[in-house]
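Examining the three-dimensional arrangement
The primary structure of each chain is shown beneath.
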Amino acid sequence: EPGKMLLVLLLQMAWEAAVSALPLALPSSPSPLAYMLRLYHGHQPRAHIVRSLQAQDVVMEGQHWTFAFDFSFLIQEEKLAGAELRLQLEPLGEPPAEAPILVEIFHQPRWEDEDQASACPERRRLASFVVTDSQVSFSSDSMVLRVTEALARGLEALSGAEDAPSAGRTDAAGGECGHRAPEPPRGRPAGSTLLWEAESSWRAREGRVSQERAKRKPRRRNGLAIRQCRRVRFQVDFNLIGWGSWVIYPKQYEAFRCEGECPNPMEERFSPTNHAYIQSLLKFYQPHQVPSTCCAPVKTKALSMLYLENGKVLLDHHKDMIVEECGCR
Amino acid sequence: MGLKKVPSPRIVQPVPFILRKIFQERQKAAATGQYQKLCYVKEFGVPGNLIRLFQDQGDLFYPKEVDQAPPCTQKFLFFNLSVITQDEQLMMAQLHLKLGLNAYSALKQDLELIVSLVRGPNCQSDQKLLLSYLPWPQGVLHVDLLDVVKKWNSNPQSNLGLMVELLPKGGSDFTGTIRPQDNCDNWRQSIQASLMMVTLTPKECPRFSHFPQFHRKRRAILPKPTSENFCRRHQLVISFKELGWQQWIIAPKEFRTNYCKGDCPLSLMSLFNSSNYAFLQTIMNSRTPEIPKATCIPTKLSPMSMLYYDGDGNIILRHHKSMVVDECGCG
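Only a predicted model underlies this, so the values are computations on that prediction, with no experimental measurement involved.

What counts and how
- Residues numbered from 1 in each chain as written.
- Chains lettered and ligands numbered in written order.
- Predicted model: local features only at pLDDT ≥ 70, side-chain atom pairs only at ≥ 80, totals over all residues.
- Heavy atoms only, no water.
- Helix = DSSP H or I, 4+ residues; strand = E, 2+ residues; numbered from the N terminus.
- Contact = heavy atoms within 4.5 Å.
- Areas by Shrake-Rupley, 256 points an atom, 1.4 Å probe, with all protein chains shown as cover.
- pLDDT = per-residue confidence, 0-100.
- Disulfide = S-S within 2.5 Å.
- Salt bridge = Lys/Arg side-chain N within 4 Å of Asp/Glu carboxyl O.
- Nonpolar A, V, L, I, M, F, W, Y, C, P; charged D, E, K, R; others polar.
- Pairing = 2+ DSSP bridges.
- Core = buried A, V, L, I, M, F, W, Y, C linked by side-chain atoms within 4.5 Å.
- Buried < 20%, exposed > 50% of the residue type's maximum accessible area, 1.4 Å probe, protein only.
- Axes fitted to C-alpha atoms, helices over the stretch in contact; angles between N-to-C directions.
- Patch = residues over 30% accessible without salt bridge, like charges linked within 9 Å, V, L, I, M, F, W, Y side chains within 5 Å.
- Arc of directions from axis to C-beta.
- Phe/Tyr/Trp six-rings, centres within 6.5 Å; stacked < 30°, edge-to-face > 60°.

Describing the overall build of chain B
- Helix and strand content of chain B: six helices and 17 strands.
- A separation of at least 24 residues holds for 71% of the contacts in chain B among residues at least 6 apart in sequence.
- Just so you have it, chain B exposes about 16,600 Å², and 52% of that area is on carbon and sulfur atoms.

Focus: the overall build of chain A
- For chain A, the helix and strand inventory stands at six helices and 18 strands.
- Considering only contacts within chain A whose residues lie at least 6 apart along the sequence, 69% involve residues at least 24 apart.
- Just so you have it, chain A exposes about 17,500 Å², and 50% of that area is on carbon and sulfur atoms.

Let's talk about the confidence of the model for chain B
- A residue-level look at chain B finds 66% of positions with pLDDT of 70 or above and a mean pLDDT of 75.
- Model confidence for the complex is summarised by a pTM of 0.57, with the ipTM given as 0.72.

A short note on the state of the cysteines
All names here are of chain B.
- This structure, assessed with the given rule, holds six disulfides over all chains.
- In this model Cys231 forms its disulfide with Cys296; the gap between the sulfur atoms is 2.1 Å. On the sign convention where negative is left-handed, the bridge of Cys231 and Cys296, at about 80° about the S-S bond, is right-handed. Note that Cys231 is positioned in the loop between β10 (191-200) and β11 (232-234) and Cys296 in strand β16 (residues 296-309), a separation of 65 residues in sequence.
- Each disulfide pairs two cysteine sulfurs, and for Cys260 the partner residue is Cys328, the sulfurs being separated by 2.1 Å.

Brief notes about the interface of chain A and chain B
- Facing the 74 residues of chain A at the interface are 69 residues of chain B.
- Applying the counting criterion to the chain A and chain B interface returns zero salt bridges.
- Here the side of chain A that touches chain B is built from residues that sort into 40 nonpolar, 18 polar and 16 charged.
- In this sheet, strand β17 (residues 315-330) of chain B lies alongside strand β2 (residues 49-52) of chain A in antiparallel orientation, the contact comprising four bridges. The residue of β17(B) that forms the bridge with A:Val50 is B:Leu317.

Here's the deal with the nonpolar core
- A:Phe238, A:Trp243, A:Tyr253 and B:Trp245 are the most contacted members of the largest nonpolar core, which has 66 residues in total.
- Once residues within four sequence positions are removed from consideration, A:Phe238 is found in contact with A:Trp243, A:Gly244, A:Val247, A:Pro250, A:Lys251, A:Tyr253, A:Met305, A:Met321 and B:Leu280.
- Residues B:Leu95, B:Leu129, B:Val143 and B:Leu195 belong to the second largest nonpolar core, which totals 28 residues.

Focus on the pattern of salt bridges
Residues and elements named next belong to chain A.
- Going through the model one piece at a time under the given rule, you end up with 10 salt bridges over all chains.
- For Arg269, the salt bridge identified is with Glu267, shortest N-O distance 3.2 Å.
- Residue Lys299 is joined to Glu324 by a salt bridge in which the shortest nitrogen-to-oxygen separation is 3.9 Å. Taken together, the residues Lys299 in strand β17 (residues 295-309) and Glu324 in strand β18 (residues 312-328) connect sequence positions 25 residues apart.
- A residue is classified by how much of its surface remains accessible, and Glu324, at 30% relative accessible area, is partly exposed.
- Each of Arg230, Arg257 and Glu259 takes part in one network of salt bridges that share partners.

Remarks on the sheet that holds strand β5 (residues 89-99) of chain B
All names here are of chain B.
- The strand order β3-β10-β5-β8 describes an open sheet built from four strands, whose pairing is antiparallel. Each having just a single partner strand, β3 (50-55) and β8 (140-144) make up the two edges of the open sheet. Between one strand and the next, the sheet's axes are offset by a mean angle of 25°, whatever the strand orientation.
- With five bridges joining them, β5 and β8 adopt antiparallel strand pairing. Across the sheet, residue Leu97 finds its bridge partner in β8, namely Leu141.

Overview of a nonpolar patch on the surface
- A surface patch of nonpolar side chains, amounting to about 370 Å² of accessible area, comprises A:Ile248, A:Tyr249, A:Leu308 and A:Val313.
- Residue classification places A:Ile248 among the partly exposed residues on the basis of a relative accessible area of 32%.

Points about helix α4 (residues 146-154) of chain B
All names here are of chain B.
- Every buried residue of α4 is listed here: Leu146, Val148, Val149 and Trp152. For α4, the angular spread of the buried residues around the axis is 160°, confining them to a single face. Opposite the packed face of α4, turned more than 90 degrees from it, sit the exposed residues Lys151 and Ser154.

Quick look at the pairing of strand β9 (residues 142-146) of chain A
All names here are of chain A.
- By the criterion of burial, β9 is predominantly enclosed, with four of the five residues buried.
- Pairing analysis gives four bridges linking strand β8 (residues 136-139) to β9, with the strands arranged antiparallel. Residue pairing in the sheet places Ser139 in a bridge with Ser142 of β9.

Details of the packing of aromatic side chains
- Scanning all chains against the criterion turns up 11 aromatic pairs over all chains.
- Aromatic pair A:Phe238 and A:Tyr253: ring centres 5.9 Å apart, planes at 25°, arrangement stacked. Taken together, the residues A:Phe238 in the loop between β13 (235-237) and β14 (247-249) and A:Tyr253 in strand β15 (residues 252-254) connect sequence positions 15 residues apart.
- Judged by relative accessible area, which is 6%, A:Tyr253 ranks as buried.
- Judged by centre distance (5.1 Å) and plane angle (20°), the rings of B:Phe240 and B:Phe255 are stacked.

Details of the sheet that holds strand β5 (residues 84-88) of chain A
Residues and elements named next belong to chain A.
- Read from one edge of the open sheet, three strands run β5-β9-β8, paired in antiparallel fashion. At either end of the open sheet lies a strand with only one pairing partner, and these are β5 and β8. In this sheet, neighbouring strand axes are inclined to one another by 20° on average, regardless of whether the strands run parallel or antiparallel.

Considerations on the environment of A:Lys299
Residues and elements named next belong to chain A.
- Of the residues examined, Lys299 reaches a relative accessible area of 41% and is grouped as partly exposed.
- For the pair Lys299 and Ile322, spaced 23 residues apart in sequence, the C-alpha to C-alpha distance is 8.8 Å.
- Setting aside residues up to four positions removed in sequence, Lys299 forms contacts with Ile322, Val323, Glu324 and Glu325.

Digging into the environment of B:Tyr309
Residue and element names in this part refer to chain B.
- Relative to the elements of secondary structure, Tyr309 occurs in strand β16.
- The exposure class of Tyr309 is partly exposed, given its relative accessible area of 24%.
- A C-alpha to C-alpha distance of 7.4 Å links Tyr309 and Ile250, two positions 59 residues apart in sequence.

Some thoughts on the side chain of A:Thr293
All names here are of chain A.
- Tracing the sequence through the fold places Thr293 in the loop between α6 (274-285) and β17.
- Relative accessible area serves as the criterion here: at 6%, Thr293 is assigned to the buried category.
- If we skip the residues at most four places from it in the chain, Thr293 touches Cys262, Met266, Ala276, Gln279, Ser280, Cys328 and Arg329.

Rendered as C-alpha cells:
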C-alpha cells in the first residue's frame, strides 16, 4: 500500500560561474512575516491569494542550492499570477550580480511512508532557465528572483504529463516504482474557506474545536432532542391565502421550507458562509453577544405558474419558489 | 421611433453587457420565430417595453451657484430625464456605480460609500439613499432609485442630482484621513455612474399596465422602517481573540463583521429584500401560525483581506469573501 503522495517542487539554483569564495553567507531561514505585513498594509497585489511558502528543505552543496516547497495546496481553480523566490541573505556582501544564475524546477513526489520515499526518489525536471537581469532584484536584505514564467511552465508540464510516460524524468530510481501521477491535492470543502483554514490551523495546533464538538451532546428540550437545520415539507395552498381566484395552476404545490437549529460552532454540512461560521463561533464563546445563525434556504428553484391577469391567462416562471437546500446563514 | 430628431451622440459610451445580452436574445428569438414577450424584461423581472441607459452628466450640470468644487471624495451626479414622455410608466430605475480601481486603491483603506439626494441649490445633500461597503477589488453597485425617479419625473424641478461620497469604513472620524494621491479629476473620473431605466407605454402594452404585484422583488434600500424590532443590520466589531484565532490570524486584529437580527412581519415583507419563498412562508404563517415566519439573514456580504498562517506554517494573504454583513433581509 503506497503512502500518500504529496507534490513537492524543488527549485535548484546554481551559480554558473565558478566564484572562488561565494560572496554570500548562507541564506538564513526566511522570515517573511515583515514582508507579508508590508503587502497587507500597503499596495496589495492584484491577486486573490498570496502565499509565502516556507521551504521544507534546504540543501546547499557549494554553489548548488536546492529548496523544496510543498505545492500540494494548489487546486485546479487557481491560476498562478506570480512567483518570487525570496532569499534572505545575511549581512549582504557583494551580490553575485556578475555570475549568471541557473534555476531548475523539479517535481518530486513526497511519500508519507518513509520506505516508499527512499525506494522511489523520483525526480523530474519541469523547467529551467538562466536568470536575466530583469528577473533578479535586491531589496534590503533579500535577493528576489522572479520565477513566475518557469514555475507556470513547470506546473503546466506537470498537469499535462500526468498520464504520459515519464520521459522528462532525470533521476528515476528504477522500474519497480514506476511513475505515479500526483494525487489530487487535499480536497477542500465547497463551503466556507475560512472554516477550512481554521480547522486546519487548529488541527496543526491543538484540535480544539473538534474536541469541543466531540464533548457536546445533542441538546434536548422537554426530553426531546432538538432537530438540527434541515429541509421539511411545506405545502403552499393558494386557496388558503386568497390567491385562488387568480392563480390557475398549480392550486397548491410543495415549496419545502427550512427548520431546525444551527449548531454553534457550525459544521461544514450546514454550508455556512465565512460570516455565518464566525457568528456561530462567536455565539459559542460569547453566547450573549450575537444570536445564533438562522436555518434558511441556500438553494432554490423556480416554479412555472399559470395565472390570470386582466382577464388573460399568463404563463410565467417565478424564481425562488421551491427550496432545494437549507443551510445556516 | 419616438425620437424628435436624428441623434448625434457627442460621446459614445460602451454598450453595457446586460443591454447587449437582452438585444441579442431578442434578435435570436425574432430570427427563430420564437414567441417573445416584448412588454416584459425578464432580465430585470419587470414589465416594460423601453429600456434606457442614462449617462451621468454631473460634470456639465454642476450647479454654478456653488463657489468651490466639492472635496475630492465627493462626486456630483446628474441625469437628464427630459426624454421620458408623459404616457410612460416608470417600472424600474437602477443606479449603476462602477468604481475604478484608482478610486480607492490610493486611499489604502476600507471604505463606505454614501449616495444621497441633492436638495438645495448649494449642493446640500440630506436624504441618504444608500450606505454600502465597497466590494473588492472593483465592481458595480446597484441602487434602486425607482421612488426617487418617480418624484423627479412628476416634478422635474426637484431633480437636483445626486451626491456620491466615499468615507473610511467605520466612519467616525474621517476629516483629513482621505488624501488621494491622484488629483481630484482623475479620482472622480474613475467613478462611472449610469441610470438603467425600464418604462412601459400602456398603448403598446395594454395588458401589462396593471401588472398584478406578484410580490415584486425589490432591493429597496430606501427609507426602511426603523423600529428596533424589525429585521435590520446590527453593528458589531469583534476581535479574532474572541474567537480564539489570535494565534493564527496575523492581521487584522479586529474587524467590523455586523449581524442580522429582527422580526419579519408580513406587512413589511416587500421592504426587506425578501424572496418569493420567504413571502409565501410569511403569508402562510398569517393563516396557520404553526408555520414559522421567514428569518432575518444577511442578503449582501462583502469580502475582507486577511493575513494568516495556514496549517503548514505558510503565511497567506487572502481576500476572504462573505466576511462583513452589508445588508439584511428576510429569507
